[in-house]
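Here's the letter readout for the chains.
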Amino acid sequence: MAIEYITAGESHGEMLAGIIKGIPAGLGVDSRFIDGELSRRQLGYGRGERMNIERDRAKIISGVINGTSIGSPIAILIDNAARDRADKLTAVRPGHADLSGVIKYGFSDASPVAERASARETAMRVALGAVAKLYLKTFGIAVESRTVAIGKVRAEALDSYTDINARADKDAVRCIDAAASKRMRDEIALAKERGDTLGGVAEVTASGVVAGIGSYVSSDLRLDGLIMREVGSVPSVKAVEIGDGIDGSTVFGSEFHDRIYAAENGKYIRMTNRAGGIEGGMTNGERITVRAYFKPVPTLANGLDTVDIITGKNVKAAALRSDVCIVPAGGVAAEAAVALALCSALSTVLGGDTMDEAIERYRKKRSAE
């Protein structure tokens, strides 16, 4: 059975809830690790006032006994400290779900839309993604991220893909390039001064994945499709890139595709990784690289022109409590999305009622590479 998840809860409701099912029995589930991931989501220069209110902690209420999964669905709760829900929201925000949600569900104001469409939902996704990361870790798979761009400021390419999170988390915008980080913070400060917002790009990598996870035989099994769906569903993500897909659309095939060579041990090697570790919907044994492109947050301190859906008059959009830039935290949410997609694909291949069974099957795949 494939690992699957679902979340529930509103931004200013009592709590967020989530269930992840399909985790075999025998996985060590460390609540401190989950809480650490939730803390990482709250990092980042440019975050809003809510980060001073919330101190997210995960409460595991089922599926884990004495720190070990028992094979049943794992349910997690996160309390909301901020519960000051708006009475009405009628000056709908351009770029947000407000107006489309009102039309779809027939609401007289957009506050119910804002409650669920809010990026607050990603707190639970990060918690469930932490469980997914613990599952992947047993196979030697690590999922990490860094900020590669904010606004027009772009970081240099990495010279090493080791300990990405440990290095990125030390920086205010989770950028490993110190010079670029300074310019990014300057851009965020300028946006805040103007009552504006900024988007950017986060890069997620997954290392240690064997070849052959995912499949080309059916569209719903293609790993690139699974990853794009999960990452693309993170609020504010407007584009998802795997490998050098965007640049690859502008060059000849002879310049893009990763040539394959025979290694002395009878294995295969590639000297480049422009495909980002996925070919034909399957992993090819190289490092998976995914980039999430975040639009600027649609809630601006200086609201944009819009319409009040009750009066029909032209007004300025509501200026609710929000962030100036969510890219640093967005990278952590995108990590969770990639981890959850990988878990789904990997568990489809491995199955197993227990972690010991799954680990043994993965070992055989590793030896067959």
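You'll find the structure just up there.
Nothing here was measured: the structure is a model prediction, and the numbers come from that model.

Trainee: Before we go on, may I ask you to explain the overall build of the protein chain in this structure?
Mentor: Per the secondary structure count, the protein chain includes 11 helices and 17 strands. Taking 21 Å as the expected radius of gyration for a compact globule of 369 residues, we find that the protein chain reaches 21 Å, a close match to that expectation. With the C-alpha coordinates of the protein chain rotated into their principal frame, the extents come out at 70 × 50 × 40 Å. Taken across its 369 residues, the protein chain has 50% of its residues classed as buried. Total accessible area on the protein chain stands at roughly 17,300 Å², and carbon and sulfur atoms take up 52% of it. Computing the positive centroid from 48 side-chain charges and the negative centroid from 48, the protein chain places the two 1 Å apart.

Trainee: Where do I start with the sheet that holds strand β9 (residues 200-207) in this structure?
Mentor: One open sheet accounts for 5 strands, arranged β8-β7-β9-β15-β10; its pairing is antiparallel. Here the strands that pair on one side only, and so sit at the sheet edges, are β8 (153-154) and β10 (237-242).

Trainee: Honestly, the environment of F33 in this entry has me stumped. Any pointers?
Mentor: Assignment of secondary structure puts F33 in helix α1 (residues 31-41). As for F33 and A130, which are separated by 97 residues in sequence, their C-alpha atoms are 7.2 Å apart. Excluding anything up to four places from it in sequence, F33 contacts A130, K133 and L134.

Trainee: Is there a simple way to explain helix α6 (residues 178-193) in this structure?
Mentor: Residue pairs three or four apart in sequence face the same way in an α-helix, which turns once every 3.6 residues. Between the first and last C-alpha of α6 there are 23 Å, a value that for 16 residues agrees with the 22 Å anticipated at 1.5 Å per step. All buried positions along α6 are accounted for by A180, S181, M184, I188 and A191. Down the axis of α6, the smallest arc covering the buried residues is 100°, so these residues share one side. Across from the buried face of α6, at angles greater than 90 degrees, the exposed residues are A178 and E193. Regarding α6, its N-cap is D177, as a side-chain oxygen of that residue lies 3.2 Å from the backbone nitrogen of A179 further along. Two residues or fewer after α6 comes G195, characterised by a positive phi angle close to 70°.

Conventions we followed
- Residues take numbers from 1 onward in each chain, read along the sequence in its written order.
- The predicted nature of this model means local features are confined to residues of pLDDT at least 70 and side-chain atom pairs, given and counted, to a pLDDT of 80 or more, with totals for whole chains, interfaces and linings taken over all residues.
- To obtain the side-chain values, all non-hydrogen atoms of the structure were used and water was disregarded.
- Strands here are runs of E lasting at least two residues and helices are runs of H or I lasting at least four, both read from the DSSP assignment and numbered beginning at the N terminus.
- Only the C-alpha atoms count toward the radius of gyration. The rule for a globule is 2.2 Å times the residue count to the power 0.38.
- Relative accessibility under 20% of the residue-type maximum defines a buried residue, over 50% an exposed one, and the middle range a partly exposed one, all with a 1.4 Å probe and only protein chains included.
- Computed by Shrake-Rupley with a 1.4 Å probe, the accessible areas treat only the displayed protein chains as cover when residues are assessed.
- His is not counted, nor are the chain ends; Lys and Arg add positive charge and Asp and Glu add negative charge.
- Where a charge lies is defined by one atom per residue type: Lys uses NZ, Arg uses CZ, Asp uses CG and Glu uses CD.
- By definition, two strands form a pair when at least two bridges between them are found by DSSP.
- It only takes one pair of heavy atoms within 4.5 Å for two residues to be counted as in contact.
- Multiplying one less than the number of residues by 1.5 Å gives the expected span of a helix.
- The arc under discussion is defined with respect to the helix axis, by the directions toward the C-beta atoms.
- Here a polar contact is recorded for every N or O atom pair within 3.5 Å, except that within protein the pair must consist of a potential hydrogen donor and a potential acceptor, and residues adjacent in sequence are included only if both atoms are side-chain atoms.

Bear in mind that shape data such as this cannot, by itself, settle questions of function.
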